[in-house]
Amino acid sequence: MTIAAPVTGTIDTHCPYCALQCGMRLTGKTVEPREFPTNRGGLCQKGWTSAALLDSPGRLTEPLVRVDGELRPATWDRALDLVANRVIEIQATHGRDAVAVFGGGGLTNEKSYLLGKFARVALGTSRIDYNGRFCMSSAAAAGTRAFGMDRGLPFPVSDLRGADAVLLVGGNPAETMPPFVQHLRDAELIVVDPRRSATAELAALHLQPAPGTDLALALGILHAVVADGHLRHDYVAERTTGFDEVWRIAATWWPERVERVTGVAAADQRSVAALLAGATNAYVLTARGTEQHARGADMVGAWINLALALGLPGRPGSGFGCLTGQGNGQGGREHGQKADQLPGYRRLDDPAARAHVAAVWGVDPDSLPRPGVSAYELLDENPRGLLVFGSNIAVSAPHANRVARALSDADLLVVADVVMSETAAMADVVLPVAQWAEEDGTLTNLEGRLLLRRAAVRPPAGVRTDLEVLHGLAARLGQPAERFPVDAEEVFDELRRASAGGLADYSGVTYARLRDGEALHWPVPSTDHPGTPRAFLDRFAHPDGKARFAPVDHSGPDEPPDEEFPLQATTGRVLQHYQSGAQTRLVPELVAAVPEAYVEVHPDTAARAGLGHGDLAHVVSRRGTVRARVRCVPTIRVDLVFLPFHFPGDGRANLLTNPALDPTSRMPEFKVCAVRLEAA
Ligand code: SF4
């Protein structure tokens, strides 16, 4: 087995964490920011401290196998033999689908691609999905429905610098990706968020709707756009279909009615409509706050309707986009980790797509499984065997008690990870894998731009790459060894062929072009194609070239507050931690800044529960109880509490969250559930 050759000296690379993929320079284990269009020389505290993980004492450095209830060191051969033999036994007894695969939005394109191929070809299971289902699936579903294609930002981030007005719904980039905020500096910023977040503090106008009522708010603003004469009739006629049906719904949501539902003043709704309509260049952006709902695809659809009515998508200098969260959240959702998907954003139920990809893989199209089930459903089915790559579902999945039961009930739980996450700690076999600066690989950032991260340092002895793990397992499951290459560039070249002709066409992207610093945004259909930094300028990706309005209506959260659970809880991120916190909780500076779970509460709400700032509280939902320290915040709504979701044990915010799923995207309702507050 080989690992990517380390490059000595200084190397230009990108941050391991979020989808902004800030440019950085790594010398040994020292990080410096570097000029790159997304971060323009900035880094946040996570980026500055990212090299701490390279030699963290928490790093996994040898395979572990559970013996007599304890994880004990094992050789790679023993660990991989054990996994393969157990997989064969389980599938022989319970069928192919009894073994499931769970991937992650931080995995490189090469890993995401090979993981999808491994599931469909080596395991023959339909059960594969990934944590991006919890992150971007509603945005993806809405984007596909409206535009015929899902690319989070269909324009470069730097285009935002020319905006006069930006409406940002449910995002807090001032904490989640601070260097992004510099691109908004010259615009009138309108923020929609029930919390007065760090980003809301920067806004010219902050709207604080009741949790779960964003769709009504979007309808109210759309109503004002039309009623106040701001509708772009020419654009709607030439570039869209379906407006009349949408107006039939929006006509019934006049701003005063919307005010009664959302709490946002009718005058503010009209101001937003006028501000966006009066701007020469304007953008509407959404993020998890409005997407992670049981009607998340419709909520995003409502914001897209507003943007279409104003004529923004596909207009130079204006647009609509969804901010991607995870490092490879965009690329990770394009090449086969999703239950219904083949590489190149092809559909698994499309006979032509199956034939194309099967030919690249050298297998019979009929041997490929049918589409499987989404991430939460996959866990809720109690898979007999579960292979997890780059995801900490014990902390990050909704209804965490239920998911923990599924993990402990499995006959075989295998986790490939860099650190001993809470999910790895429950596993039967733990496989230590290389990370970020230790291996080559590509990612696709939030604007659809391909980036090459090159190996900069040698991984610890005893660690293998995920590609090597998949190769080793596939060979033990009877696959020809050459079908699962271990060289990242070789895997990428195969991905290029598999994606050729698909929506996310990477066939013209090569490692050589990326090494030369070319800015390549997909689709890139040939090696002499310059890429597509701005999509939709001439036409949208539907066959008729037109965007679709979506006839969506407000229905409110799945679990409204009641007498027993009178408050609503929402969850999110803080500046210092990333996702489940498995990595950032190992970085001393970040832990020192935010060491434990907390709950933001209005002082009056805290007082009613007999609590004060700094007290320990129990936050209780129908599914579980979180223990967290109270932070009294006078700017939060009195009916809302906020919990960051980075903490383990009884601080897991997802002990509370509601796994009600969006009917289209299968996104759980992370962003609102009914709770009560008690003294701990
Ligand atoms: Fe940039 Fe995101 Fe890394 Fe922070 S976490 S340095 S914003 S890529």
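1. Things to note about helix 13 (residues 351–361)
Along an α-helix, residues three or four positions apart point the same way, because every turn accommodates 3.6 residues. Within helix 13, burial applies to Ala353, Arg354, Val357, Ala358, Val360 and Trp361. Projection of helix 13 onto a plane perpendicular to its axis shows the buried side chains occupying an angular sector of 155°, all on one side. Exposed residues lying more than 90 degrees from the buried face of helix 13 are Pro351, Ala352 and Ala359. Against helix 3 (109–123), strand 14 (341–342), strand 15 (346–347) and helix 18 (488–499) lie the buried residues of helix 13. With a side-chain oxygen lying 3.0 Å from the backbone nitrogen of Ala352, the N-terminal cap of helix 13 falls on Asp350. Just beyond helix 13, the residue with positive phi is Gly362, at close to 70°.

2. Overview of the domain arrangement of the protein chain
Here the protein chain is described as being made up of domain 1 (5–55), domain 2 (64–134 + 328–449 + 460–486), domain 3 (137–323) and domain 4 (567–679). Measuring from the centre of the C-alpha atoms in domain 1 to the corresponding centre in domain 2 gives 27 Å. Contacts between the two partners involve 16 residues from domain 1 and, on the opposite side, 10 residues from domain 2. Both faces considered, domain 1 and domain 2 share a buried interface measuring about 1000 Å² in area, 67% of it formed by carbon and sulfur atoms. A per-residue breakdown of the area domain 1 buries against domain 2 is headed by Ala19, Gln21 and Leu54, which together make up 41% of the total. Counting across the interface, domain 1 meets domain 2 through 0 salt bridges. Every element with two or more residues in the side of domain 1 that touches domain 2 is listed here: strand 1 (10–14) and strand 2 (23–27).

3. Considering helix 6 (residues 214–227)
Taking 1.5 Å per residue as the helical rise, helix 6 with its 14 residues ought to reach 20 Å, and the 20 Å between its terminal C-alpha atoms agrees with that figure. Phi turns positive one or two residues past the end of helix 6, at Gly229, with a value near 80°.

The rules we used
Residues numbered from 1 in each chain as written. Predicted model: local features only at pLDDT ≥ 70, side-chain atom pairs only at ≥ 80, totals over all residues. Heavy atoms only, no water. Buried < 20%, exposed > 50% of the residue type's maximum accessible area, 1.4 Å probe, protein only. Helix = DSSP H or I, 4+ residues; strand = E, 2+ residues; numbered from the N terminus. Arc of directions from axis to C-beta. Contact = heavy atoms within 4.5 Å. Polar contact = N/O pair within 3.5 Å; in protein donor to acceptor, adjacent residues only side chain to side chain. Domains from an automatic or database assignment. Buried area = accessible area lost by both parts, 1.4 Å probe. Salt bridge = Lys/Arg side-chain N within 4 Å of Asp/Glu carboxyl O. Expected span 1.5 Å × (residues − 1).

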